[in-house]
Amino acid sequence: MRSPTAEDGPAITALIAACPPLDPNSAYCNLLQCSDFADTCVVAEVNGRIAGWISAYRLPSHPERIFVWQVAVDTSARGLGLGGRMLDELAARPAVRGATTLTTTITEANPASWALFTAFARRHGAELTKSERFTRDAHFAGAHDTEWQASIAPLPSAPTN
């Protein structure tokens, strides 16, 4: 597990494209995540190849929250607990210190993500609550399923060293 670099951008773009139902980002967006948000993003390598990715950021208006934008795990690394280990790595990062809540959005039709975040909450003795965030009609003009916000609190404390 490590922070990304800008050079990881193309591999991350390819990984996200290979992980439906994730929305693909532009290559430029991924480069910005790998550089400007590297402290709150996680790359997992297996045998020297990027097999996992988490993009996340602290909300400027609510610095007590860390928002997880995407979690991608290559098909070759699924079932190994990599997603959970990446979330644990993110929660332990110095850049996350002081955050009390992890939030993300998930569609109803994504049981793998619900299982991942439910297991993370359980593992850390936190509560997961769910509320509508972006609705199909009001926010996506009917072109995308409603995104439900999962909020997990309290987060485990990051180390102080």
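What counts and how
- Residues numbered from 1 in each chain as written.
- Predicted model: local features only at pLDDT ≥ 70, side-chain atom pairs only at ≥ 80, totals over all residues.
- Heavy atoms only, no water.
- Core = buried A, V, L, I, M, F, W, Y, C linked by side-chain atoms within 4.5 Å.
- Buried < 20%, exposed > 50% of the residue type's maximum accessible area, 1.4 Å probe, protein only.
- Helix = DSSP H or I, 4+ residues; strand = E, 2+ residues; numbered from the N terminus.
- Contact = heavy atoms within 4.5 Å.
- Pairing = 2+ DSSP bridges.

Undergrad: Before we go on, may I ask you to explain the nonpolar core in this structure?
TA: Taken as a class, soluble globular proteins show a tendency for nonpolar side chains to be buried jointly. Grouped together as the largest cluster of nonpolar side chains are 29 residues, with contacts concentrated most on Ile 54, Val 68, Leu 102 and Phe 117. Only strand E1 (42–46), strand E2 (49–59), strand E3 (62–73), helix H3 (82–92), strand E4 (101–107), helix H4 (111–123) and strand E6 (147–153) provide two or more residues apiece to this core. Aside from chain neighbours lying at most four places away, what touches Phe 117 is Val 68, Val 71, Leu 87, Leu 102, Thr 104, Ile 106, Leu 128 and Ile 152. Cys 19, Cys 34, Cys 41 and Trp 53 belong to the second largest nonpolar core, which has ten residues in total.

Undergrad: It is not clear to me how the pairing of E1 should be interpreted in this structure. Could you clarify?
TA: Across five bridges, the pairing between E1 and E2 is antiparallel. Each bridged residue has a counterpart across the sheet, and for Val 46 the counterpart in E2 is Arg 49. Connecting E1 to the next strand, E2, in antiparallel fashion are two residues, including Asn 47 with a positive phi near 55°.

Undergrad: Even after reading the chapter, I still don't get H3, so can you show me in this structure?
TA: Each full turn of the α-helix corresponds to 3.6 residues, which orients residues three or four apart in the same direction. Listed as buried for H3 are Leu 82, Gly 83, Gly 84, Met 86, Leu 87, Leu 90 and Ala 91. Residues of H3 that are buried in the fold lie against E1, E2, E3, E4 and H4.

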